[in-house]
Amino acid sequence: MNIIEKTDENIINTYARVQKVFVSGKGSTLKDEHGRTYIDFLAGIAVCSLGHCHASITKAVSDQASKLVHVSNLFYTQPQAELALMLIEKSFASKLFFANSGAEANEAAIKLARRYFKVKGEKNKFRIITMEQSFHGRTMATLSATGQNKIKQGFDPILDGFIHVRFNDIKSLKKCMDKNRDRDAETPGICAVMLEPVQGEGGVIPADPVYLKEVRKLCDDNDILLIFDEIQTGMGRCGTLFAYETYGVEPDIMTLAKALGNGLPIGAMLASKKTEQGFDFGSHGSTFGGTPLVTAAALEVVKIISNPSFLKECRRKGSYFISQLFKLKEKYEFIRDIRGMGLLIGLEIDLSLTHDTNAGDIVLLCLEKGFIINAIQGNILRFAPPLVIEKQEIDKLIDCLDHIFNGITHGEKQP
Ligand code: PLP
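These numbers come from a predicted model, not from an experiment. (Residues numbered from 1 in each chain as written. Predicted model: local features only at pLDDT ≥ 70, side-chain atom pairs only at ≥ 80, totals over all residues. Heavy atoms only, no water.)

Trainee: Honestly, helix H4 (residues 78–89) in this entry has me stumped. Any pointers?
Mentor: In an α-helix, one turn spans 3.6 residues; hence positions three or four apart end up facing the same way. Across its twelve residues, H4 extends 16 Å between first and last C-alpha, which sits within 8% of the 16 Å expected from 1.5 Å per residue. Looking at the buried positions of H4, the neighbouring elements they touch are helix H3 (55–65), strand S4 (95–99), strand S11 (253–256), strand S12 (267–271) and helix H12 (292–305). (Helix = DSSP H or I, 4+ residues; strand = E, 2+ residues; numbered from the N terminus. Expected span 1.5 Å × (residues − 1). Contact = heavy atoms within 4.5 Å.)

Trainee: Please explain the environment of Tyr247 as it appears in this structure.
Mentor: The topology assignment puts Tyr247 in helix H10 (residues 243–247). Tyr247 gets classed as buried once you look at its relative accessible area, which sits at 6%. Counting along the chain gives 50 residues from Tyr247 to Pro197, while the straight-line C-alpha distance between them is 8.4 Å. (Buried < 20%, exposed > 50% of the residue type's maximum accessible area, 1.4 Å probe, protein only.)

Trainee: For this particular structure, what's the right way to read the pairing of strand S13 (residues 335–341)?
Mentor: Pairing of S13 with strand S14 (residues 344–349), which is carried by six bridges, proceeds in the antiparallel orientation. Each bridged residue has a counterpart across the sheet, and for Arg339 the counterpart in S14 is Gly346. The turn joining S13 and S14, which pair antiparallel and follow one another in sequence, is formed by two residues; a positive phi near 60° is taken by Gly342. (Pairing = 2+ DSSP bridges.)

Trainee: Just to check I follow, could you spell out the site of the ligand for this structure?
Mentor: Among the 13 residues in the neighbourhood of the ligand, the closest are listed as Gly102, Ala103, Asp229, Gln232 and Lys258. One nitrogen or oxygen atom from the main chain of Phe135 is found 3.3 Å from a nitrogen atom belonging to the ligand. Lys258 is positioned such that a nitrogen or oxygen atom in its side chain is 3.2 Å from an oxygen atom of the ligand. Out of a free accessible area of 390 Å², the ligand has 81% covered by protein chains. Looking at which element gives the most residues to the shell around the ligand, the answer is helix H5 (residues 102–119), with three residues. Here the residues of the shell around the ligand are counted per class, giving three nonpolar, six polar and four charged. (Near = heavy atom within 4 Å. Polar contact = N/O pair within 3.5 Å; in protein donor to acceptor, adjacent residues only side chain to side chain. Areas by Shrake-Rupley, 256 points an atom, 1.4 Å probe, with all protein chains shown as cover. Nonpolar A, V, L, I, M, F, W, Y, C, P; charged D, E, K, R; others polar.)

Trainee: Sorry, what's going on with the domain arrangement of the chain here?
Mentor: Accessible area lost when the parts come together is the quantity often used to give the size of an interface. For the chain, the domain assignment lists domain 1 (57–305) and domain 2 (308–343 + 353–358 + 365–380 + 401–415). Computed over C-alpha atoms only, the centres of domain 1 and domain 2 are separated by 30 Å. The largest share of the area that domain 1 buries against domain 2 comes from Arg237, Gly239 and Ile305, three residues that together contribute 31% of it. Where domain 1 packs against domain 2, one counts zero salt bridges. Where domain 1 meets domain 2, there are six residue pairs in polar contact (both at pLDDT 80 or more). Those elements giving two or more residues to the side of domain 1 that touches domain 2 turn out to be strand S9 (205–206), H10 and H12. Counting residues per element, the side of domain 1 that touches domain 2 draws most heavily on H10, at three residues. Counted by class, the side of domain 1 that touches domain 2 contains ten nonpolar, nine polar and three charged residues. (Domains from an automatic or database assignment. Buried area = accessible area lost by both parts, 1.4 Å probe. Salt bridge = Lys/Arg side-chain N within 4 Å of Asp/Glu carboxyl O.)

Trainee: Could you clarify how one ought to interpret the pattern of salt bridges in this entry?
Mentor: Where side chains of opposite charge bring their charged atoms close, a pairing between them can arise. Counted according to the given criterion, the structure contains 18 salt bridges. Of the charged contacts, one joins Asp280 and Arg115 as a salt bridge, the two residues approaching to 3.6 Å between their closest N and O atoms. Placement of the pair is Asp280 in the loop between helix H11 (273–276) and H12 and Arg115 in helix H5, with a sequence separation of 165 residues. Notably, a salt bridge pairs Asp395 with Lys391, separated by 3.3 Å at the nearest N-O pair. With Asp395 and Lys391 both in helix H15 (residues 391–409) and four residues apart, this pair spans about one turn of that helix. A residue is classified by how much of its surface remains accessible, and Asp395, at 23% relative accessible area, is partly exposed. Salt bridges sharing partners connect three or more residues here, namely Arg336, Asp337, Arg339, Glu348 and Asp350.

Shown next as structure tokens:
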């Protein structure tokens, strides 16, 4: 059996995998088992932001692996303490909790928001408003929080207490809050609003800046916590260390994962001074959360990404990338929209004009040409390259897309 057969035979088939085996990576490139090189515009779904096998991360991991990998959270370790301090210093937060993934970080956020009000004596304030088309993870609580029905199918009964409203629609949020405001002690109330500053899986949809400010105000006026899921948008992806900085709107709770470990599994839930009071001894835990190994890697990641000149470069490259995509939009009628922030970019296609070619087909055509991109929702191309991507690499992808798009307008499916 080859690698693909062994995988498909033995791993429960929950992923739509592309038939490609990768064996190594360096910077923004990946090599497959036949020695062919690809330029990576996905970075393991916005994870390897410093590129593959970044020398400082590799060194941090190997140094730490030869010293101490795990002791549990019954004890203290230096990398964990240093990383916590660094994240606190660089954010709005006063304390944090380390988890192992995005969904786990969101679980912690959901638990904290609920418990915060319990501790305050508001026993029935447990509902959480989240956004239609949002994505918050695959655990039971986070799929319940997620505003996409396809993620929930087959898992009934889903967790009680999540209400979805339209994203970027302040009236819809206000209406929902108003409906839940005048309640007696027995009627459930709203403890939090949870959203992604830029919806990632939902289609790369940035929050409107005015909307986000209004959400903050509505939360303040109604004593409701604001949770930002920055699992995809955080760690420089949107051009600032955290997307909330670009918006100038601070949440009460923020979750991170993905790029925090540049590929090592780590998540974090950061909380403001008032909010962190919701947890105390025994209220939450994780065997692996924040091991010295992953926190040593993440410490290097935060040091590099938070450098203002690194972030400036990300913004510059993001603007360049978007400007080049806009040039394609002028040329090809079927490109309906280009949107994004920093280096999280979406290109929406009007499928009625592409002669039966969908976003997934374009992904495969790009792969043929040596580029890794991603499709979401059937009609959107997502680009989330390593933040270290070079201008010349962006130019190469633009040329490739130009060629493919030209073929599509002429009714060709194959390049
Ligand atoms: N939240 C957002 C915004 C995400 O994009 C994702 C993953 O794509 C998650 C949560 C879940 O993260 P994980 O897959 O690490 O559990």
